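Notes for the structure review
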Amino acid sequence: MRDRVLAAITAVTLLVAGTPTPAAAAPPAAAAPGVAAPCPRLPAAKVTRPPRPVPPPSVPEQQVVGGEALAAPGLVTPPGAPPPPALTATTWLVADLDSGAVLGACGAHVYGTPASTQKLLLAATMLKRLDPRQVAVATREDLDIEPGSSAVGLLVGGRYAVETLWLGLLLQSGNDAANMLARLGAGNARAGVAEMNAEARRLGALQTHAVTPSGLDGPGQFTSAYDLALIARSCFADPRFDRYALTERAQIPAQPALKKGGFQIQNENQLIYRYPGALGGKTGFTELARHSYVGAAQRGGRRLVVTLLGAEARPVRGWQQGAQLLDWGFSLPRDASVGELVEPGELDAARAEPARKAPEAAAPARPDAGPWRGPGGTALRRMADGDWQVIVPAAGLLALTVGGLAAVLAARTRSRRCGRRRA
């Protein structure tokens, strides 16, 4: 009965939630979650860029991950929140790393191209698999990257510790380091990308599809501001990532066998130098994706993360737009929220639950026979419910009883026949 009541309530709720609300009925400030207003835009100079790739069709179930309000294509902020800063970013999101609360978003589930912020998915996938002290040799395939793209400067035949590769990936955005880490974690770069996509599904990042381990553009490669926040949250939960992301400088070792000296690299994320409480993050840029950015900081016992896609560096650079969003997020009350970041595995568990309950739901309902009282009534109720621990002994007792009665009747019949013969 309780299940039927809950199902009815859920159905009514879905019907009410699914009723379209006229835009004119929404407050002009769009303060209520789920009512989207246009995102505040900062004018940016026009740039020449390749045509935007056609994103996959929108899937309603994916757009409401984290809450129905996040399905809005425009601005969603908590009631009474001050307006967020105007940005050149196409989409963005601000969330609490610890509670998982989404504080505000602009097109949280709108498809975008990740550029090098995709390296965070590589980190979320491979950090726990690789021993940072392992030393591996770079191959020619590891260095097969787009000419002119960012690289650490690895050498074919060079020997590098995994920790050095992580620093090269996160500080210098090395695409060569990305290929090598994907290979070391899965056997080859292609298998590494497959593992990255599997990890994205586990995290609940259903709109993310990786084609390259580095984030270099590839057909069908997409993500969203919401998905990047899920991935970043997973990264910042690993102390090693925290340490790497805050490292300002690192030394790439010399390669005596190749007669090449070592050199120093520096962290390209300006947030760690210029924003108090910065925790680090990741920059990204390609001609197609434009500027993408992930940054996190802590203040007053709170840790917030910002993600943004499709930004232009003028008049405000990507990391500065991230810093402005962080300031806005820290200005909100601690209980402010328009949605949540789902937990790893949560969506898989939710999909498995209906399948587990399906056989039970398919069983025909037995009419209520009313109350059953006393030990006999209890036994009959258990037999009616199919309890074989009661049915088997009862059946045996019934067989003995019927057999005994049959024997008595047979004996009486024989006695009567014998008596007749004597007479």
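Here the structure is shown first, and the text comes after it.
Described in the following lines is the structure provided in the data block.

How each quantity is defined
- Residues numbered from 1 in each chain as written.
- Predicted model: local features only at pLDDT ≥ 70, side-chain atom pairs only at ≥ 80, totals over all residues.
- Heavy atoms only, no water.
- Core = buried A, V, L, I, M, F, W, Y, C linked by side-chain atoms within 4.5 Å.
- Buried < 20%, exposed > 50% of the residue type's maximum accessible area, 1.4 Å probe, protein only.
- Helix = DSSP H or I, 4+ residues; strand = E, 2+ residues; numbered from the N terminus.
- Contact = heavy atoms within 4.5 Å.
- Expected span 1.5 Å × (residues − 1).
- Axes fitted to C-alpha atoms, helices over the stretch in contact; angles between N-to-C directions.
- Parallel < 35°, antiparallel > 145°, perpendicular 65-115°, else oblique.
- Nonpolar A, V, L, I, M, F, W, Y, C, P; charged D, E, K, R; others polar.
- Polar contact = N/O pair within 3.5 Å; in protein donor to acceptor, adjacent residues only side chain to side chain.
- Salt bridge = Lys/Arg side-chain N within 4 Å of Asp/Glu carboxyl O.
- Phe/Tyr/Trp six-rings, centres within 6.5 Å; stacked < 30°, edge-to-face > 60°.
- Left-handed = near helix turned anticlockwise from the far one by under 90°.
- Disulfide = S-S within 2.5 Å.

1. Notes on the nonpolar core
- Core analysis: the largest hydrophobic core is formed by 67 residues, its most contacted members being L93, W166, Y226 and F241.
- The element that contributes the greatest number of residues to this core is helix α7 (residues 225–236), accounting for nine residues.
- Setting aside residues no more than four positions away along its own chain, W166 makes contact with L122, A123, M126, L127, L130, L181 and Y244.

2. Side note on helix α6 (residues 189–203)
- Here α6 contains 15 residues, and its C-alpha end-to-end distance of 21 Å stays within 8% of the 21 Å for a straight helix at 1.5 Å per residue.
- Buried residues in α6 make contact with α3 (119–126), α5 (175–186) and α7.
- After α6 finishes, the residue G204 shows a positive phi value of roughly 95 degrees.

3. Here we look at the packing of α3 against α6
- Viewed as axis vectors pointing N to C, α3 and α6 meet at an angle of 85 degrees, and their least axial separation amounts to 9 Å. In terms of their interaxial angle, α3 and α6 are classed as roughly perpendicular. Listed contacts from α6 to L121, L122, A124, T125 and M126 of α3 are G192, E195, M196, E199 and A200.
- For the contact of α3 with α6, the class distribution of residues is six nonpolar, two polar and two charged.

4. Topic: the side chain of T307
- Tracing the sequence through the fold places T307 in strand β10 (residues 302–311).
- Taking relative accessible area as the criterion, T307 reaches 0% and is therefore assigned buried.
- A distance of 2.8 Å separates a polar side-chain atom of T307 from the backbone oxygen of A225.
- If near-sequence neighbours (up to four positions away) are discounted, T307 is found in contact with T91, W92, L93, A225, L228, A229, Y293 and V294.

5. Some points on the pattern of salt bridges
- Inspection of the entire model under this criterion finds 14 salt bridges.
- A salt bridge links E163 to R243; the shortest N-O distance between them is 3.0 Å. With E163 in helix α4 (residues 162–172) and R243 in helix α8 (residues 239–245), the pair connects residues that are 80 residues apart, well separated along the chain.
- On the basis of relative accessibility, which here comes to 45%, the residue R243 falls in the partly exposed class.
- Between R290 and E312 there is a salt bridge, with its nearest N and O atoms 2.9 Å apart. Of the two residues, R290 is situated in strand β9 (residues 290–299) and E312 in the loop between β10 and α10 (318–330); the sequence distance between them amounts to 22 residues.
- For R290, a relative accessible area of 7% corresponds to the buried category.

6. Focus: the packing of aromatic side chains
- One pass over the full model with this rule turns up three aromatic pairs.
- Relative to W328, the ring of W92 lies with its centre 6.0 Å away and its plane at 75 degrees, an arrangement referred to as edge-to-face. One end of the pair, W92, is in strand β2 (residues 91–96); the other, W328, is in helix α10, and 236 residues separate them in sequence.
- The exposure class assigned to W328 is buried, which follows from its relative accessible area of 5%.
- Between Y111 and F222, the aromatic rings sit 5.7 Å apart at their centres with planes inclined by 70 degrees, giving edge-to-face as the arrangement. With Y111 in the loop between β3 (101–106) and α3 and F222 in the loop between α6 and α7, this residue pair connects regions lying 111 residues apart in the sequence. Neither residue differs from the other here; Y111 and F222 are each classed as buried.

7. Some words on the packing of α3 against α5
- Viewed as axis vectors pointing N to C, α3 and α5 meet at an angle of 25 degrees, and their least axial separation amounts to 11 Å. In terms of orientation, α3 and α5 fall into the roughly parallel class. Handedness of the crossing formed by α3 with α5: left-handed. Across the interface between the two elements, K119, L122 and M126 of α3 pack against N175, A178, L181, A182, G185 and A186 of α5.
- Broken down by class, the residue content of the contact of α3 with α5 amounts to six nonpolar, two polar and one charged.

8. Let's talk about the state of the cysteines
- Under the counting rule described, the total for this entry stands at one disulfide.
- Each sulfur in the disulfide pair C39 and C106 lies 1.8 Å from the other. An S-S torsion of about 110 degrees defines the bridge between C39 and C106 as right-handed. Of this pair, C39 sits in the loop between α1 (2–17) and α2 (60–63) while C106 sits in strand β3, and the two are 67 residues apart along the sequence. The same class applies to C39 as to C106, namely buried.

9. Quick notes on α10
- Between the first and last C-alpha of α10 there are 19 Å, a value that for 13 residues agrees with the 18 Å anticipated at 1.5 Å per step.
- Counting buried residues in α10 gives ten out of 13 residues, a clear majority hidden from the surface.
- Taken as a whole, α10 has its buried residues at G318, W319, Q321, G322, A323, L325, L326, W328, G329 and F330.
- Structurally, α10 contributes buried residues whose contacts are with β2, β3, α9 (271–274), β9 and β10.

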